[in-house]
Amino acid sequence: MAHAYTPGLKVTGKTLIKKRRILPLKGEVIVKIGDKVHPDDAVARTELPGNVEPTNVANILGVPPEDVSECMLKKIGDKVNKEEMIAKSKSFFGLFTSSCRAKIDGTIENVSSITGQVLLRGAPIPVEVKAYLEGEVTDVYPREGVEVKCWGSFVQGIFGIGGETHGEIKVVSKDNKAVLDEKDITPELKGKVIIGGSLVTAAALNKAIAVGVRGIVVGGFNDKDLRDFLGYDLGVAITGNEDKGITLVVTEGFGQINMADHTYALLKSKEGCLACINGATQIRAGVIRPEVVIPLAEGKMGADEGTKASSHGLEVGSPIRVIRHPYFGVIGKVTNLPSPLQKLESESMARVLEVELEDGRRAVIPRANVELLEE
Amino acid sequence: MKGLKPEDIKVILATDCGSTTTKAILIEYRDGEYRLIVRGEAPTTVEAPFEDVTMGVLNAIAEVEELSGRKILDENNKILSPAKNNIGTDIYISTSSAGGGLQMMVAGVVRSMTAESAERAALGAGAIVMDVIASNDKRLPHQQIERIRHLRPDMILLSGGIDGGTTTHVVELAELIAAADPKPRLGTGYHLPVIYAGNINAREAVIETLQKKVALDVVENIRPVLERENLLPAREKIHDLFMEHVMAQAPGYSHLMSWTDTPIMPTPGAVGLIIKTIADIEGIEAVGVDIGGATTDVFSVFQGVFNRTVSANLGMSYSVSNVFAETGLPNVMRWVPFEMDERDLRNRVKNKMIRPTTIPQSLNELVFEQAIAKEALRLAFIQHKSFATVLKGVQQQRTIADAFEQTAGGQTLVNMMTLNMLIGSGGVLSHAPRRQQAALMLIDAFLPEGVTRLAVDSIFMMPQLGVLSTIHDKAATEVFNKDCLIHLGTCIAPVGELKNTKDLMSYRFEMPDGSVIEDKLGVGEVKLVKLGFDEKSSLPAKAKAILNPAKNLDVGRGKGNKVETEISGGVVGIILDGRGRPFQLPEDNSTRVSKLKEWMGALDVYDKSGLEKLA
């Protein structure tokens with residue numbers, strides 16, 4: 001049970017960020033080591049094989065499958081256009097003919113004498129991988145992709161929606177407790193990544209999409225609003241492919257929860273800087289959390305500030321946040337770490353910690369229900 | 001195995017590499033029986049920064065060494081074997097579900113026939129079935145190709161046609177797979193394994209179509225004739241390929257494979273094996289359920305036929321929100337005897353999903369979590385019932401008597417009345433603070449009928465015992481009965497029309513100490529009769545029972561028929577469930593709440609004063 005606590009999410013002012021930018025299939029890398037790249041620059045490209053359209057020529061012509069190849073007007077590898085005749089049959093000394101036409105533009109890939117099926121492959125689909133970050137290419141994986149590196153500030157969220165995007169940071173909420181509401185969203189926020197406080201309302205989110213905000217980073221979001229926004233109840237936390245015209249990064253959790261002071265202060269100090277954000281979340285083995293990367297200008301590189309949380313376990317004095325009811329979202333400091341198992345109100349036996357909460361209350365909480373905060 | 005005879009095996013070390021934890025158990029032969037000695041666990045080390053599964057295995061073994069005092073590893077971290085005195089182990093075996101387990105896609109010609117047989121073979125082997133492609137699944141061929149290409153499974157099982165039947169459709173499926181040119185999930189340097197287990201006459205054409213694009217293996221047809229399935233060759237090939245291709249790609253596994261005395265088996269496959277072994281040895285019908293964070297597995301053996309299903313998105317943490325989405329708020333809240341705010345509840349569920357390792361601290365959180373578990377189990381069992389059926393598409397011989405009881409083909413094999421044993425596993429059941437809670441979750445979710453024994457797997461060692469059963473079924477079953485299972489007791493639930501009935505049955509129990517308990521079970525009543533364990537054998541104590549149901553009710557021998565049987569005890573005892581089958585909660589809210597409290601009180605499920613405060 002040595003790992004019973006949830007390690008805090010990473011929030012750091014300066015760290016080295018490396019991203020592998022890999023193609024889904026092998027292709028061509030179009031940058032080289034040392035190249036400086038911007039988020040929208042393509043770094044690698046490939047062509048996915050086109051869609052396949054099977055046509056049962058034997059059925060259409062009314063001939064046995066083994067006769068199909070004789071009826072083919074095109075052979076394997078030939079290019080054909082949509083509606084072009086690809087096979088023809090004659091019967092009764094040529095009195096009756098039937099024909100079969102291509103359903104798509106493409107190439108004849110296969111003619112089967114067993115099933116009578118002809119496979120037509122459509123045009124290849126071009127795919128590009130972009131740099132995502134503002135940084136430097138530090139490694140090239142031939143035909144597969146590259147590694148892009150930058151020094152920057154880094155904020156890991158707990159949950160997000162939407163994929164990679166970038167924009168200038170604009171702090172909209174007056175503090176980390178404020179609710180980001182419809183009236184806070186103005187047309188000047190177009191193209192920006194905006195920072196909220198404890199909650200973003202559904203109305204604010206929709207207006208943000210309408211004015212063209214690129215992304216929102218906020219403490220909390222209500223599940224009911226998430227369901228209305230997505231149009232379905234999210235069953236499993238695997239996100240990132242939603243095409244909603246905005247990327248949302250929630251830093252604390254569901255409900256109204258103040259953004260951690262440290263996170264809010266860091267983002268506020270970076271107002272006006274470029275932020276590269278990604279809402280993709282996968283809470284399974286191989287966990288992926290949403291993120292905010294704020295690349296630092298050149299010359300500002302140096303030692304990694306790291307986080308206290310990542311190098312230390314729980315100890316007396318550690319700042320923590322409670323991540324489950326009845327103290328959900330409350331922040332405090334560890335005052336004792338008794339090692340024997342203790343009985344909770346639910347009668348479960350668990351390892352606990354004693355904590356002094358921000359409001360002066362003292363509580364005993366299972367270690368599994370807290371996460372470390374960074375100082 | 002190193003040529004050891006089963007009787008020479010006295011010390012057994014077994015591990016299960018799960019996606020988060022690697023669990024090791026040590027079994028020894030002492031005083032004429034095999035018993036669990038200790039268990040150890042350590043975080044699994046498949047992912048960065050370690051990327052070597054053996055590190056987690058060694059850590060778990062080190063904990064076993066520390067707790068047992070037995071030296072198992074030498075200074076080079078090599079497992080010492082065979083055992084001598086307090087050093088080494090005779091055999092080492094392992095299962096694995098790390099890295100997402102085994103993910104498969106299956107294909108067959110007719111969805112309810114060969115495709116379903118293929119699905120059964122894959123599930124039985126311990127795979128997660130990502131999709132089932134069938135010639136009649138109503139998708140257009142290009143959509144099927146897109147799907148195959150998009151999913152990236154670990155392997156594909158292709159079946160179709162009976163031996164000597166038409167070849168066209170199954171070759172068409174092979175053509176679809178070839179056109180999709182699928183890539184394996186892990187690694188890029190090898191071809192995707194595809195197993196062909198279809199019509200023997202189509203083999204040549206399938207080989208010709210696929211051999212250049214995939215790594216093709218051909219095994220016997222899984223449906224050689226319509227009336228019979230032959231799943232074993234396909235299952236065994238799946239296990240071989242799992243080792244050769246999938247495991248070999250996972251970090252550190254090639255090393256681990258060289259340590260074990262039998263092939264590493266996918267965890268759910270091994271759980272299925274132990275349940276089947278127990279059912280066969282004891283001649284009983286059994287259902288096992290493992291409710292995890294992401295998925296719920298249900299295993300059953302009815303009429304000697306083993307079935308397994310995986311409900312991929314029903315679980316208690318990663319998938320908790322999906323349980324909520326699928327069953328709906330009212331179905332969860334019907335099990336909760338107090339009010340909760342909907343908006344707050346929704347946020348709580350989502351917060352559990354994004355922070356899956358948290359545990360319920362307060363009583364209301366626990367009651368709510370167990371309510372969700374009941375629904376997850378119920379939904380998973382519905383899926384299982386619809387899958388565990390007699391073979392579809394088979395012509396059935398009917399007698400004149402059947403004419404009055406016409407049933408559609410593909411009737412479920414699951415029969416709650418003939419079910420003898422229901423075994424629960426997974427954190428929410430195994431770690432419930434009171435065992436009565438586990439018993440009530442199982443009863444409410446599965447609604448057992450007649451006489452049914454209930455048990456939970458204490459520390460989830462069914463996987464290790466499953467592999468062990470392949471080489472030493474005596475050791476596996478002894479440990480299973482004495483150390484793995486926590487016997488909860490027996491549920492007795494009369495089935496039938498409750499109208500105009502005051503008492504469902506009268507009962508008489510002759511207890512092990514000679515005392516007699518006689519009473520009646522009223523409609524809507526739940527009662528508990530304490531019956532624990534036999535001190536000598538430490539197995540559940542037995543009571544001689546006479547159950548006399550009312551004339552329109554059945555407890556196992558037909559309506560109104562008396563049942564004389566032996567009833568097993570356990571940590572909870574004998575639960576007499578008079579709530580009726582089919583079971584329905586009162587519609588009126590205040591009656592529902594008061595009934596829930598009455599039942600919870602009768603079984604002492606929760607702290608009474610705590611529950612009162614929540615109302």
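Here the structure is shown first, and the text comes after it.
To start, this report covers the structure provided alongside it. Just so we're clear, the structure is a prediction, and the values are computed from it rather than from any experiment.

Criteria and thresholds
Residues numbered from 1 in each chain as written. Chains lettered and ligands numbered in written order. Predicted model: local features only at pLDDT ≥ 70, side-chain atom pairs only at ≥ 80, totals over all residues. Heavy atoms only, no water. Contact = heavy atoms within 4.5 Å. Buried area = accessible area lost by both parts, 1.4 Å probe. Salt bridge = Lys/Arg side-chain N within 4 Å of Asp/Glu carboxyl O. Polar contact = N/O pair within 3.5 Å; in protein donor to acceptor, adjacent residues only side chain to side chain. Helix = DSSP H or I, 4+ residues; strand = E, 2+ residues; numbered from the N terminus. Nonpolar A, V, L, I, M, F, W, Y, C, P; charged D, E, K, R; others polar. Axes fitted to C-alpha atoms, helices over the stretch in contact; angles between N-to-C directions. Parallel < 35°, antiparallel > 145°, perpendicular 65-115°, else oblique. Buried < 20%, exposed > 50% of the residue type's maximum accessible area, 1.4 Å probe, protein only.

### Comments concerning the interface of chain B and chain A
Contacts between chain B and chain A engage 52 residues on the former and 59 residues on the latter. For the pairing of chain B and chain A, the buried interface totals around 4700 Å² over both sides, and the portion due to carbon and sulfur atoms is 51%. It is Ile354, Arg355 and Gln361 of chain B in chain B that bury the most area against chain A; as a group they hold 17% of the surface buried on that side. The salt bridge partner of Arg346 of chain B is Asp233 of chain A, with a shortest N-O separation of 3.3 Å. Our count for the chain B to chain A interface comes out at 28 residue pairs in polar contact (both at pLDDT 80 or more). Every element with two or more residues in the side of chain B that touches chain A is listed here: helix 3 (141–151), helix 4 (168–180), helix 9 (320–327), helix 11 (342–354) and helix 12 (363–387) of chain B. Element by element, the count of residues in the side of chain B that touches chain A is highest for helix 11 of chain B, at 10 residues. Partitioned by chemical class, the residues of the side of chain B that touches chain A number 19 nonpolar, 14 polar and 19 charged.

### Some points on the packing of helix 4 of chain B against helix 5 (residues 203–210) of chain B
Residue and element names in this part refer to chain B. Remark: helix 4 packs on helix 5, axes separated minimally by 9 Å, with the N-to-C direction vectors making an angle of 10°. Comparing their axes, helix 5 and helix 4 come out roughly parallel. For the pair helix 4 and helix 5, the contacting residues are Val171, Ala174, Glu175, Ile177 and Ala178 in the first and Ala205, Val206, Thr209 and Leu210 in the second. Of the residues that constitute the contact of helix 4 with helix 5, the class distribution is 7 nonpolar, 1 polar and 1 charged.

### As for the pattern of salt bridges
One side chain can pair with another of opposite charge once the charged atoms of both are near each other. Under the definition given, this model contains 57 salt bridges over all chains. The partner of Lys75 of chain A in a salt bridge is Asp78 of chain A, with the nearest N and O atoms 3.6 Å apart. Assessed through its relative accessible area of 57%, Lys75 of chain A is described here as exposed. With its nearest N and O atoms 3.9 Å apart, the salt bridge here joins Glu518 of chain B to Arg508 of chain B. You can see Glu518 of chain B sitting in strand 19 (residues 516–522) and its partner Arg508 of chain B sitting in strand 18 (residues 503–510), a full 10 residues away along the chain. Its relative accessible area of 56% is what places Glu518 of chain B among the exposed residues. Through salt bridges with shared partners, a single network forms among Arg324 of chain A together with Asp344, Arg348, Lys352, Glu365 and Glu369 of chain B.

### Looking at the packing of helix 9 of chain B against helix 11 of chain B
All names here are of chain B. Relative orientation of the contacting elements helix 9 and helix 11 amounts to 140°, with a least axis distance of 7 Å. Regarding the angle of helix 9 to helix 11, the classification is oblique. Counting all contacts with helix 9, which are made through Val320, Ser321 and Phe324, the residues of helix 11 involved are Arg346, Val349, Lys350, Lys352 and Met353.

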